[in-house]
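If you want the building blocks of each chain, they are given just below.
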Amino acid sequence: LDTNMAMRNRNYLILPVTAGICAVIALLIILSDRQKKKKLEKSMAALEQRGQLLNAWNEFSLHSSEDPKDDPILTDNYIFARNSGDIIPYRDIVWAYKHIIRRNFIEINSFVICYMRDKTSHQLMPLRNKKRTNDMILSVIAERNPAVLLGYTKENRSRYKEMTQT
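I will try to describe carefully the structure that is included in this document. Keep in mind it's a predicted model, so treat the numbers as computed, not measured. Counting from 1, residues in each chain are numbered in the order their sequence is written. Since the coordinates come from a predicted model, pLDDT governs what is reported: local features require at least 70, and pairs of side-chain atoms require 80 or more to be given and counted, while whole-chain, interface and lining totals use all residues. Where side-chain values are given, they derive from all heavy atoms of the structure, hydrogens and water being excluded.

## Here we look at the pairing of strand β5 (residues 106-116)
For a regular strand, side-chain orientation follows a simple rule: the groups alternate between the two sheet faces. Should DSSP find at least two bridges between two strands, the strands are regarded as paired. Segments assigned H or I by DSSP are reported as helices when at least four residues long, segments assigned E as strands when at least two residues long, and all are numbered from the N terminus. One ladder, built from 10 bridges, connects strand β4 (residues 93-103) with β5; its direction is antiparallel. By the bridge assignment for β5, Ile100 is matched with Ser110. Hairpin geometry of β4 and β5 is characterised by an intervening segment of two residues between the two adjacent antiparallel strands and by a positive phi of about 55 degrees at Asn104. Judged from the four bridges that link them, β5 and strand β6 (residues 121-124) form a sheet pairing that is antiparallel. Residue Cys114 lies in a different strand from β6, and its bridge partner there is His122.

Below, the structure written as structure tokens:
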């Protein structure tokens, strides 16, 4: 009788623990979407302030892909990062490089970091073909903004610091 009661008590605990885990996951998803929405609103406000929002919208609608895994979208003048909600004008990028995360000398993740004129940074994380996509992103940035500093070097780091100190 006591073993059956212990089994029932343990089974009754499974439901609340599972519900708690589901609630935490749902909360994380909601907070992530809220953060993405804030970034998108901030990007749109900055573009609207400069009078570029309509141009950005037109480019996005022309280059928009049906495949949600095509991220980021690279247009003539902007980078649209759907997974983060960023809209990045090429001309505002001062320094860009590929950041690689390794564990036991094995590459486990990579993404592009873009430092902007206003001392902010953006991470562009492609969803597939990361190595090839990251290289393509950097080459497109260099093509659209020839003055950009490419690659992570001590020289580029010090030049970026000099450029943003004034």
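What follows picks up the thread again.
## Some words on the nonpolar core
Take the buried residues of types Ala, Val, Leu, Ile, Met, Phe, Trp, Tyr and Cys, join any two whose side-chain atoms come within 4.5 Å, and each joined set is a nonpolar core. Partly exposed residues are those whose accessible area sits between 20% and 50% of the maximum for their type, while under 20% is buried and over 50% is exposed, using a 1.4 Å probe and protein chains only. With 16 residues, the main nonpolar core has Ile79, Tyr90, Ile93, Cys114, Leu124 and Ile141 as its most contacted residues. Looking at this core, the elements with two or more residues in it are β2 (78-81), β4, β5 and α3 (130-144). The greatest single-element share of this core, amounting to four residues, is contributed by α3. With seven residues, the next largest nonpolar core counts Val94, Trp95, Tyr97 and Tyr160 among its residues.

## Structural notes on helix α4 (residues 154-165)
Residue count minus one, scaled by 1.5 Å, sets the expected span of a helix. The end-to-end C-alpha distance of α4, which contains 12 residues, comes to 17 Å, matching closely the 16 Å that a straight helix rising 1.5 Å per residue would cover. Turning to α4, its buried residues number three or more, namely Asn156, Tyr160 and Thr164. Here the buried residues of α4 occupy an arc of 60 degrees about the axis, which is enough to place them on one side. Across α4 from its buried face, at more than 90 degrees, point the exposed residues Lys154, Glu155, Glu162 and Gln165. What the arc describes is the spread of directions from the helix axis to the C-beta atoms.

## Looking at the pattern of salt bridges
When the charged atoms of two side chains with opposite charge come close together, those side chains can pair. Definition used for salt bridges: Asp or Glu carboxyl oxygen within 4 Å of a side-chain nitrogen of Lys or Arg. Applying the stated criterion across every chain yields a total of five salt bridges. Asp92 is the partner of Arg50 in a salt bridge, and the nearest nitrogen-oxygen pair spans 2.5 Å. Residue Arg50 is located in the loop between α1 (2-49) and α2 (53-63), and its partner Asp92 is located in the loop between β3 (86-89) and β4; the two are separated by 42 residues in the primary sequence. By relative accessible area, Asp92 is classed as buried at 12%. Here Arg144 makes a salt bridge to Glu143, at a shortest N to O gap of 3.8 Å.

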